[in-house]
Amino acid sequence: MNKRSVIHNKSYYFIYPGDINTKTGGYIYEKNILKRAKKIKFNLNAIKLANSFPFPKENDLKNLKKTLEKLPDNAVLIFDGLVFECIDSIINFLDRFVVIALIHHPLYLEFNGNQSQFFLKNAKKLYKKTKKIIVTSSDTKQLIFEKFKINKRKIHVVEPGIEKLKKYKLKRDKNINLLSVGSIIERKNYHYLLNELRYMDKIKLNIVGDITRESKYYNRLLKIISDYRLSKKVKFHSNVSTNILSKLYSKCDFYVSVSKYEGFGMSLANALQLKKMIITYKTKTIMSTLKKDGIIYLNNFKEKSLSKLITKNAFNSDLSKKLSQNKRKFLTPIQSGDLFIKIIKNA
């Protein structure tokens with residue numbers, strides 16, 4: 001059998017947790033890849049796991065082991081980072097496979113204290129098991145190279161494909177409308193955003209994201225809303241259609257992100273494509289994603305810092321002009337999917 005036919009007959013499996021239809025950056029990225037693979041008839045098989053990852057129950061790990069046992073030797077396994085960084089207990093089951101990790105951002109950055117150290121320790125062991133690591137930005141590539149001493153040639157950057165959402169002409173109301181999109185997890189720092197709403201009148205905030213990943217944190221946010229009587233100012237959308245998401249973007253005056261760390265910032269990229277005013281916490285990665293023109297960068301999480309930026313810039317026509325000059329171009333979902341498939345195909 002020649003080398004060409006061996007490559008053609010390889011088996012490829014994409015392993016991810018939870019509901020891939022959830023409207024968050026990571027899931028949209030992965031859904032686009034699976035959709036592209038199906039379109040070009042590349043045999044990338046999806047394996048859906050429980051939504052408990054990255055904190056799997058014992059039974060979830062047992063089910064994963066059973067699944068792996070059924071897969072052929074030398075199969076190419078592409079693991080979503082939420083799964084990959086918590087399977088150290090079954091690390092020896094990976095030896096007969098070609099392993100690729102899709103790391104949107106290392107999990108140790110999402111947590112503090114012992115949890116952070118737990119994921120850091122896991123990553124140091126598990127990253128060494130990979131044939132390739134795929135990341136969404138050059139900053140994440142550099143981080144993995146420096147922090148985990150992984151050969152740079154093994155780390156590949158595939159930026160997400162950004163689908164241009166439809167822009168609707170909607171009737172304006174008297175409120176300043178804010179939008180934030182992303183899983184309801186502590187790293188996203190929504191508690192700071194909610195607290196800042198106390199200092200603004202005529203304000204509405206729509207938050208789109210999975211509320212199941214960190215239920216304790218979601219309940220904490222509900223308590224803040226209750227304690228400060230913010231229920232008329234805030235609405236959560238756990239999962240929405242692309243059509244409704246497009247309307248929420250179209251309606252918003254500001255897209256706001258107070259996340260402490262992002263692997264790329266797909267939802268921010270959507271806002272930039274639509275030329276929506278953006279206020280976001282300043283990180284190196286996000287500055288690479290959005291560039292400077294027309295973007296308002298938040299430098300700290302001090303009380304009233306965000307609310308002052310919003311009220312100061314609510315009707316800033318100069319900012320809109322600068323935003324129109326922002327020429328950042330993004331990959332399309334097709335371009336991103338093709339690049340991703342090319343990398344895993346050659347594993």
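Summary of the structure given here. As the structure is a computational prediction, the values presented were derived from the model and not from experiment. (Residues numbered from 1 in each chain as written. Predicted model: local features only at pLDDT ≥ 70, side-chain atom pairs only at ≥ 80, totals over all residues. Heavy atoms only, no water.)

**Side note on the overall build of the protein chain**
Part 1 of the argument: When its secondary structure is counted, the protein chain shows 14 helices and 12 strands.
Part 2 of the argument: By the compact-globule yardstick of 20 Å for 347 residues, the protein chain fits well, its C-alpha radius of gyration being 21 Å.
Part 3 of the argument: In terms of overall dimensions, the protein chain has C-alpha extents of about 70 × 40 × 35 Å along its principal axes.
Part 4 of the argument: Expressed as a percentage of the 347 residues in the protein chain, the buried residues total 55%.
Part 5 of the argument: Restricting the contact set of the protein chain to residue pairs at least 6 apart, pairs at least 24 apart contribute 73%.
Part 6 of the argument: Carbon and sulfur atoms make up 49% of the accessible area of the protein chain, which amounts to about 17400 Å² in all. (Helix = DSSP H or I, 4+ residues; strand = E, 2+ residues; numbered from the N terminus. Rg over C-alpha atoms; globule rule 2.2 N^0.38 Å. Buried < 20%, exposed > 50% of the residue type's maximum accessible area, 1.4 Å probe, protein only. Contact = heavy atoms within 4.5 Å. Areas by Shrake-Rupley, 256 points an atom, 1.4 Å probe, with all protein chains shown as cover.)

**With respect to the sheet that holds strand 11 (residues 277-281)**
Part 1 of the argument: If you walk across this open sheet you meet the six strands as 9-8-7-10-11-12, and the pairing is parallel. Two strands close off the open sheet at either side, each with one partner strand: strand 9 (234-237) and strand 12 (295-298). On average, adjacent strands in this sheet sit at an angle of 20 degrees to one another, irrespective of strand direction.
Part 2 of the argument: Two strands pair when backbone bridges link them, and strand 7 (residues 176-181) and strand 8 (residues 203-208) are joined in this way by six bridges, in the parallel orientation. Directly across from Leu 178, in strand 8, lies its bridge partner Leu 205. (Pairing = 2+ DSSP bridges. Axes fitted to C-alpha atoms, helices over the stretch in contact; angles between N-to-C directions.)

**So, the environment of Leu 77**
Part 1 of the argument: With respect to the element layout, Leu 77 can be found in strand 3 (residues 76-80).
Part 2 of the argument: Each C-alpha atom, one on Leu 77 and one on Val 181, is 29 Å from the other, the two residues being 104 residues apart in sequence.
Part 3 of the argument: Setting aside anything within four residues of it in sequence, one finds Leu 77 in contact with Tyr 13, Ile 15, Leu 68, Leu 71, Phe 97, Val 98, Val 99 and Ile 100.

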